[in-house]
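# Residue-level structure breakdown
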2 protein chains.
Amino acid sequence: MVINRDIKKVIRVGNVAIGGRNPIVIQSMAKVKTSDTGRVLKQISELENAGCQIVRLAIKDMDDARLFRKIKRQSSLPLVADIHFDYRLALAAIDSGADKIRLNPGNIYKKKEIKEVVSALRLANIPLRIGLNSGSVRGSNLKNISMPDKLVRSALSYIKIVESFKFRDIIISLKASSVLDTVLAYRKMAKLSGYPLHLGVTATGPAYAGMIKSSIALGALLLEGIGDTIRVSLAAKPVQEVYAARSILESLNLRSFGPEIISCPTCGRCEVDLISIVKKLEKELSGYSVSQLSCFAGKRLKVALMGCVVNGPGEAKEADLGVAFGKKEGLLFKNGKAVKKISFSDSINVLLKEMENKNG
Amino acid sequence: MVINRDIKKVIRVGNVAIGGRNPIVIQSMAKVKTSDTGRVLKQISELENAGCQIVRLAIKDMDDARLFRKIKRQSSLPLVADIHFDYRLALAAIDSGADKIRLNPGNIYKKKEIKEVVSALRLANIPLRIGLNSGSVRGSNLKNISMPDKLVRSALSYIKIVESFKFRDIIISLKASSVLDTVLAYRKMAKLSGYPLHLGVTATGPAYAGMIKSSIALGALLLEGIGDTIRVSLAAKPVQEVYAARSILESLNLRSFGPEIISCPTCGRCEVDLISIVKKLEKELSGYSVSQLSCFAGKRLKVALMGCVVNGPGEAKEADLGVAFGKKEGLLFKNGKAVKKISFSDSINVLLKEMENKNG
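Each value, and the rule that gives it
Residues numbered from 1 in each chain as written. Chains lettered and ligands numbered in written order. Predicted model: local features only at pLDDT ≥ 70, side-chain atom pairs only at ≥ 80, totals over all residues. Heavy atoms only, no water. Contact = heavy atoms within 4.5 Å. Buried area = accessible area lost by both parts, 1.4 Å probe. Salt bridge = Lys/Arg side-chain N within 4 Å of Asp/Glu carboxyl O. Polar contact = N/O pair within 3.5 Å; in protein donor to acceptor, adjacent residues only side chain to side chain. Helix = DSSP H or I, 4+ residues; strand = E, 2+ residues; numbered from the N terminus. Least-squares fit on C-alpha atoms with pLDDT ≥ 70 in both. Axes fitted to C-alpha atoms, helices over the stretch in contact; angles between N-to-C directions. Left-handed = near helix turned anticlockwise from the far one by under 90°. Nonpolar A, V, L, I, M, F, W, Y, C, P; charged D, E, K, R; others polar. Core = buried A, V, L, I, M, F, W, Y, C linked by side-chain atoms within 4.5 Å. Buried < 20%, exposed > 50% of the residue type's maximum accessible area, 1.4 Å probe, protein only. Pairing = 2+ DSSP bridges. Disulfide = S-S within 2.5 Å.

### Overview of the interface of chain A and chain B
Contacts between chain A and chain B engage 75 residues on the former and 75 residues on the latter. The contact between chain A and chain B buries some 6200 Å² in all, and 62% of this surface belongs to carbon and sulfur atoms. The partner of Lys33(B) in a salt bridge is Glu271(A), and the shortest N-O contact between them spans 3.0 Å. The tally of links between chain A and chain B comes to 22 residue pairs in polar contact (both at pLDDT 80 or more). For the side of chain A that touches chain B, the secondary structure elements donating two or more residues are α6 (179–192), α7 (207–223), α8 (238–251), β11 (260–263), α9 (274–286) and α11 (312–318) of chain A. If one sorts the elements of the side of chain A that touches chain B by residue count, α7(A) sits on top with ten residues.

Below you can see the structure in the form of structure tokens.
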């Protein structure tokens, strides 16, 4: 099965293209004060190494907007300025070299102010994200309607204003803190607009719950072909958001960041400490950078580590490389064929060597 | 939005009803040798405390089948015997008091053997799970078709055999190691059969990837109204599978195991160490047992901990209880109304007290 992608207009953020048939783009946000430029740059560099493609920074005052220029000069990733309440911060951030501006229709809504920002965006030739959140959606005429409808209607009326200034370099996000509201809002929006969609769930709570909420909402939407760029919001370090985003995209065969490990959850049948070697292989692979991993992944390599004879030989055969363990030994499979017996303790080294051979 | 449930026949496993309009049932599996009855019973008890409702045990030989009786006598949860290769193990497990038998059509397929097992199931008045896995699906006539079709066709022909013996006390599972194959297989099956579906992804790999794969596949299916019972297979301790299952069901408002914490991922705007108090609140709540938590959850309590003024007041207002933090203080919201300022350090204690009041 290949996902039937909902094709939207292509929008460029720095050197990254979002929409059309471009791969789904991974974004995250720096989580330290923008004024602490050294720590911001460190987070940007960590994010880049993890596979993040665009980073957003909070611009909460004119000092932030000014320091944005310094960060931008040293960042190899495109940077988005996150603006709330004061449209002049957007103007200053554009002046400082922002690659995209995010405005929140919940707190910057005066036509005159939007017009000024749009003029500056056009001059700088950079796009606008119209970014709604369930926590700040606005409009007295929206009182008795559902959250998804609030988000969609509010976005549509904002788009209308921006388009009235002949500006169409737009990305939309409609993040709710509820999975169901998020899914419904994006589904509606995907039908009503041709602009690319930035997917996310907002205010997801503790990191563990957040990962599950984001996986369900983003997973369900991506499965329906909806979504051009994603951010997994987690109450955790920014790189954790990128690892989760990678894993969501990999699960749906939309992106690849290295080999896939297939392994059973183990049960009373398992005679070896399978979980320990799954962790070991995972750790070995985490030592590779994204660029090294992606060379494993022309076609994504599938490596199976299976604990018994029930599904072991079957999954190992289906994988590019696999070991089906018995009591202390395992049977190595390559491209669907049983090759030789290997010992439990040798198995990781044998697999890593085989992977490098496949790669070479 | 309420999910429109696909209504299937009700099947009983011990005192647990699966299908119909019954809440989605959470299952897991013991991961120690069945012969180690003490450790198995310990895992069952941990699983029960976490909210698991049915536990499966691997029965790999006649010793396991015999010891199953001893475990069953001391277990307060219904127990399923997981049978492969040898149908006589099913007969012995039924004799030992199993509450359900899982057969794998990939390795027990002779009509005569199925007939014997079905006769014993009927006599004991317990159901059968026809449990397929992508790693052990069988049939030379299924060579050139897709994995979802292999799983569905193989299940349908097995159901036909079982029904030919006038037995209809059946649950179906079609677990693939690929998210897309799993979703497609269950979607097809849901249309073709009225038996309840046990959802799961098999051989999900490392725990982290497994949680994301399971969240996407199970989440997408549950969102479509498909699925009556779930197991999240993880290369981790059994209770971790239950926590993940809980979180998936909670994310879709299908079950509730305590208050929902809403909190922002933080960014450069946040002036307090929000992540630390989110973790603290999460930890305080983890001290409650499932039965204590469910009394918080007549209507699921929503508690918001927000880090700034952008979405803070909005999310706090939407929640039953909420704090929107500024520099060092926060504004406490109750039922949508701002009540008073509280200090950062007091906030968790204030919230816990308010939660107990709401509960009382």
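Next comes the rest of the account.
### A look at the relation of the copies chain A and chain B
If you rotate chain A by 180 degrees and push it 0.0 Å along the axis, it lands on chain B with an RMSD of 0.0 Å. The two molecules are tied by a two-fold rotation axis, judged by turn and shift. Mapped onto chain B, 100% of the interface residues of chain A are again interface residues, and the two copies thus contact each other with one and the same surface.

### A look at the packing of helix α5 (residues 147–164) of chain B against helix α6 (residues 179–192) of chain B
Residues and elements named next belong to chain B. In contact at an axis separation of 8 Å, α5 and α6 are set at 35 degrees when each is read in the N-to-C sense. Every pair of crossing elements has a handedness; the one defined by α5 and α6 is right-handed. Contact residues: α5 offers Met-147, Pro-148, Asp-149, Leu-151, Val-152, Ala-155, Leu-156 and Ile-159, while α6 offers Asp-181, Leu-184, Ala-185, Lys-188, Met-189 and Leu-192. Looking at the contact of α5 with α6 residue by residue, the class counts come to eleven nonpolar, no polar and three charged.

### Examining the nonpolar core
A general feature of soluble globular proteins is that nonpolar side chains tend to end up buried together. In terms of nonpolar packing, the biggest core is built from 174 residues, with Ile101(A) and Ile101(B) touching the most fellow members. For Ile101(B), the residues in contact, after removing those within four places along its chain, are Val80(B), Ala81(B), Ile83(B), Ala90(B), Ala93(B), Ile94(B), Leu121(B), Ile126(B), Pro127(B), Leu128(B) and Arg129(B).

### Points about the environment of Ile130(A)
Residues and elements named next belong to chain A. As for its position among the elements, Ile-130 is in strand β7 (residues 128–133). Given the relative accessible area of 0%, Ile-130 is considered buried. In this structure the C-alpha to C-alpha distance between Ile-130 and Ala-220, which are 90 residues apart in sequence, comes to 22 Å. Contact partners of Ile-130, with chain neighbours within four places excluded, come to Leu-103, Pro-105, Tyr-158, Ile-159, Val-162, Ile-170, Ile-171, Ile-172 and Ser-173.

### A short note on the side chain of Lys8(A)
Within the fold, Lys8(A) resides in the segment before β1 (11–13). When neighbours within four sequence positions are excluded, Lys8(A) is seen to be in contact with Gly19(A), Gly20(A), Ala190(A), Ser193(A), Gly194(A), Tyr195(A), Pro196(A) and Asp228(A).

### As for the sheet that holds strand β13 (residues 321–325) of chain A
All names here are of chain A. Strand order in this open sheet of five strands is β11-β12-β13-β14-β15, and the pairing throughout is mixed. Two strands lie at the open edges of the sheet, namely β11 and β15 (337–343), each paired on one side alone. This sheet shows a mean twist of 20 degrees between the axes of neighbouring strands, independent of strand direction. Bridging between β11 and strand β12 (residues 302–306) involves four bridges; their strand directions are parallel. Residue pairing across strands places Ile-261 opposite Val-303, the latter belonging to β12. Sitting on the sheet, α9 touches β11, β12 and β13, and the angle it makes with β12 is about 155 degrees.

### Here we look at the pattern of salt bridges
Applying the stated criterion across every chain yields a total of 40 salt bridges over all chains. The salt bridge involving Arg5(B) is made with Asp228(B); its shortest N-O contact spans 3.3 Å. You can see Arg5(B) sitting in the segment before β1 (11–13) and its partner Asp228(B) sitting in the loop between α7 (207–223) and β10 (229–230), a full 223 residues away along the chain. With a relative accessible area of 1%, Asp228(B) lands in the buried category. The network of salt bridges with common partners includes Lys31(A), Arg231(A) and Glu241(A).

### Points about the state of the cysteines
Residue and element names in this part refer to chain A. This model, assessed by the stated rule, comprises zero disulfides over all chains. Among the cysteines around Cys-270, which has no disulfide bond, Cys-264 carries the closest sulfur, lying 5.6 Å off. This cysteine, Cys-308, is not joined by any disulfide, and Cys-267 carries the nearest cysteine sulfur, 5.7 Å off. On the basis of relative accessibility, which here comes to 15%, the residue Cys-308 falls in the buried class.

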